[in-house]
Structure formats: C-alpha cells, structure tokens
Amino acid sequence: MIKFVDLYHQYQTIKTEIDGAILTTIEQSAFIGGASVKSFEAAFADYQQAAHCVGVANGTDALEIAIEALGFPSGSEIIVPANSFISSAEAVTRCGHRVVFADINPATYTLNLLDVEKRITNNTKAIIAVHLYGHPCDIDGLKVMAAAHNLKLIEDCAQAHGGEYKGRRVGALGDIGAFSFYPGKNLGAYGDGGAIMTNDYNLATRCRMIANHGRIDKYNHLIEGRNSRLDGLQAAILNVKLKHLDGWIDRRNALAQRYYTGLRGIKGLVLPVIDGDVRHAFHLFVVRLDNRNSLKDYLAERAIETGIHYPIALPKLAAYEYLGSKDINFANNIDATLLSLPMGEHVTDSDADNVINAIISFFREV
Ligand SMILES: *Cc1c(COP(=O)(O)O)cnc(C)c1O
C-alpha cells in the first residue's frame, strides 16, 4: 500500500523527541502560551526569514486575522485565485469583503498575473497570493502590480512552508503571510494550528491583539478581539518538527525529480512546472490528464492512494454561485483533470518507481 499521506510513519521517525516534548508541556502545564509557544514563534519567524510570527489557532484564522488587521473599508474587493482551498476565499467574506476570483497560470497553478490585472478596480484593496501546491507565486510581478494600484499583498503559505522565491523564504515577501499547521501540511501539528508572518511590527501587534481578545495585558482590552491561539502542546510538537522540515522538503524535491524523470514524455500527461528561481516546497505533486478518474481508479486497484486538489474550482462551488464568476477559463475547466500523486518523506524511491510504472502501464493500456 502506497499512502498519499502517512503521519504515523513520520511520528515513528521522531517518536522519542515528540513524546518528550509532549510530556514536558504536560509537566509544566504550559497549555496556553508559555515557553514553547514563544520559542516556536521565534524559531519559525527565523526559519521563514520574517521579523515577526504570531501563532494562531489554524490557517483559516491566520488569513482572517491578517485581513482584519489590514483594516480595509467594509465591502472592499480582494483578489483570490480560482484554484485553492476554500479558506483563501472564506477569510475575505468573513471579514466583510468581496471575493474576486482570478485565473491561474497553466504551468505553475499559481495566480495568472495578466488575469489578476484585468480584475483590479477602484475598490480592490488586496491580492491573496496562494503558493499553491508549494510553488511560490511570481512575487516580483505581484509587487509591481500591488505598488501600481496601492494594494496589499497577502501570502497564503499554507502549502509552502520552506518554499523560496529568489533565495528568500515565503511568508513576509508581501505585507503579511498566513501559515497552516493542519496535520497533513509540510509542517503539521497534531491538531489545528496556524501562524501569521510579517516584517511590520505594528501589524504583528494588531494581529496578536485580535487573536487574543484585543488585550495587551491580562484584563486590559484595547479593542474587541477573539480567541485564536496556538496552544502549548502544538507549539512543543512544532518545535521538534521544525528541525526536520528542511530535510523533509529536500526529500519531497528528490521525489519530485524522480517523478519528472520517470514520467517525462508520456503523451497526454501534463507534469507540473517549476518556473523561475524558486525552491518548490512540493506539498503536492499534481499531474493533469483527460481521463483522470480512470487513472485514479487504476492506481487504487494497485494499492496506490492519490488525491484531488481540488475537485471543484472555487468559482463553481455552491458557496460562490452568487458571484457568477464564469469567465475563469483555465481553473474552471481543469478541475476534472487534476490528480495528486503520493508525496512526502514516507514515500520511498521504490514506491515512487511503482507509481511511475503503474502510470506508464495505464497509458499503454488506454
Ligand atoms: C490548508 C489550507 C488553508 C487553511 O488552513 P487550516 O489550518 O486548515 O485552517 C488555507 N489555505 C490553503 C491554500 C490551504 O491549503
């Protein structure tokens, strides 16, 4: 059986460290706040090359709090890629703004800048750059556009921990960035978790206040906020896992190279493209083909698990019917063709070869 994700496999490789970290947290009763939250925030800011990191309860909250902290007038338009997890769009609406979908680039599946530009109006206040599948967006291009139209650039890094654009880690390349530590992400907690990243001290302080009841001291609340905190157990676990992250991402890249070598040249199979001077975080390795469902079934019969990211493009979801975004030519038409292959440090070279050989024989038979 070749699993799509295997969290237990990873746990076994770091069991002693993880068990120790959990036990220490319990012995210290450091469940909310405490040393491990502080040290994780510092270590993760350092890792992502940002000045400030604010731990929050999950990645969706990270986006929501970041947008709230930017303080746009209500009803502002925010541009979101049409292919992403719903959080990228949900956070916009939850903050009282309007989602404007833009199409994605057929090579990298990240924002298509020509399409983004067409959708900017006088009401547009921000762009959410999702580093989808772990491929960093064209940050320089987006920054030029943001500067020209006075827009904020928000990075959704939920799939791109450790990803780099021109030698710089993602997270604080724009105005503010959001991370998720959902268990299956490249850096995953043992429950929910998230973080906000920025180089702007005032923005970081505002996020920290919003996430912790608007307070600066225990019972001194300057504004009304909410409760969205990274808890001590998750931070202790993340502190352990962060030390292994670079090795895991290198392994993901090595596997991707193996897939490229083995799958190159198959007619009808479109491989993902690494575009520009980037370190791809390879959260997912997504291929595209017309008879996607047949290949998915074929692999399942051979005990190979795959995923689909995402089966319904965001503009086509019932939740976004009210927007009527039908003019998204690429993303709206390829959702039935996407297939995510097994990816992660649990996948061995021989697993990858089995996946490759199964795909080759599928294409021979059809
Ligand atoms: C996972 C994910 C999120 C949300 O993170 P949660 O921690 O599950 O709330 C946001 N954006 C993208 C692109 C994601 O993949």
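Now for a quick tour of the structure. (Residues numbered from 1 in each chain as written. Predicted model: local features only at pLDDT ≥ 70, side-chain atom pairs only at ≥ 80, totals over all residues. Heavy atoms only, no water.)

## Digging into the site of the ligand
The condition is simple: Any residue with at least one heavy atom within 4 Å of a molecule or strand is counted as near it. By the criterion applied in these results, polar contacts are pairs of N or O atoms within 3.5 Å in which, for protein atoms, one can donate a hydrogen and the other can accept it, and in which residues neighboring in sequence qualify only through two side-chain atoms. In DSSP terms, a helix is any run of H or I states spanning at least four residues, a strand is any run of E spanning at least two, and both are numbered starting from the N terminus. By the convention adopted, Pro, Cys, Tyr, Trp, Phe, Met, Ile, Leu, Val and Ala count as nonpolar, Lys, Arg, Asp and Glu as charged, and the other residues, Gly among them, as polar.
Of all residues adjacent to the ligand, which total 14 residues, the nearest are Gly 59, Thr 60, Asp 156, Ser 180 and Lys 185. A distance of 2.7 Å separates an oxygen atom of the ligand from a polar atom in the side chain of Lys 185. Every element with two or more residues in the shell around the ligand is listed here: helix H4 (59-70) and helix H5 (87-94). Among the residues making up the shell around the ligand, the classes are represented as four nonpolar, eight polar and two charged.

## Focus: the packing of helix H2 (residues 15-28) against helix H9 (residues 232-263)
To keep things clear, this is the line we draw: Only C-alpha atoms enter the line fits that serve as axes; for helices the fit covers just the stretch in contact. Angles between N-to-C directions range over 0 to 180 degrees. Roughly parallel refers to an angle under 35 degrees, roughly antiparallel to one over 145, roughly perpendicular to one between 65 and 115, and oblique to any angle outside these ranges. Definitions for this section: a left-handed crossing has its near helix turned counterclockwise from the far helix by less than a right angle. A right-handed crossing has that turn clockwise. Here, two residues are considered to be in contact whenever any of their heavy atoms come within 4.5 Å of each other.
As a packed pair, H2 and H9 sit with axes 9 Å apart at the nearest point and diverge in direction by 150°. Here H2 is positioned roughly antiparallel relative to H9, judged by the angle of their axes. The element H2 and its partner H9 pack so that their crossing is right-handed. Contact residues: H2 offers Glu 17, Ile 18, Ala 21, Ile 22, Thr 25 and Ile 26, while H9 offers Gly 232, Leu 233, Ala 236, Ile 237, Val 240, Lys 241 and His 244.

## Brief notes about the sheet that holds strand E7 (residues 168-169)
Heads up, the rule is: Two strands are said to pair when DSSP picks up at least two bridges between them.
Ordered in space as E7-E6-E12, the three strands form an open sheet in which the pairing is antiparallel. Sheet topology places E7 and strand E12 (278-279) at the edges, where each strand pairs with a single neighbour. Bridge count between strand E6 (residues 164-165) and E12: two bridges; the pairing is antiparallel. Note on E12: the bridge partner recorded for Tyr 165 is Val 278.

## Side note on the environment of Leu 187
If you trace the backbone, Leu 187 turns up in the loop between strand E8 (176-180) and strand E9 (194-198). In this structure the C-alpha to C-alpha distance between Leu 187 and Trp 248, which are 61 residues apart in sequence, comes to 9.2 Å.

## What to know about the pairing of E9
Heads up, the condition is: Note on classification: 1.4 Å probe, protein chains only; a residue is buried when its accessible area is under 20% of the maximum for its type, exposed when over 50%, partly exposed between these limits.
Counting buried positions along E9 gives five out of five residues, so the element sits mostly inside the fold. Pairing geometry for E8 and E9, over four bridges, is antiparallel. By the bridge assignment for E9, Phe 179 is matched with Ala 195.

## Concerning the sheet that holds strand E1 (residues 52-56)
Taken in spatial order, the seven strands make up an open sheet running E1-E9-E8-E5-E4-E2-E3, and their pairing is mixed. Strand pairing shows two members of the sheet lacking a second neighbour, E1 and strand E3 (98-102), which therefore form its edges. Averaged over all pairs of adjacent strands, the angle between their axes in this sheet comes to 25°, without regard to strand direction. In terms of strand pairing, strand E4 (residues 124-130) meets strand E5 (residues 152-156) through five bridges, oriented parallel. Bridge assignment links Ala 129 to a residue of E5, and that residue is Glu 155. Sheet strands in contact with helix H3 (residues 35-47) are E1, E8 and E9, and its direction is about 130° off that of E1.

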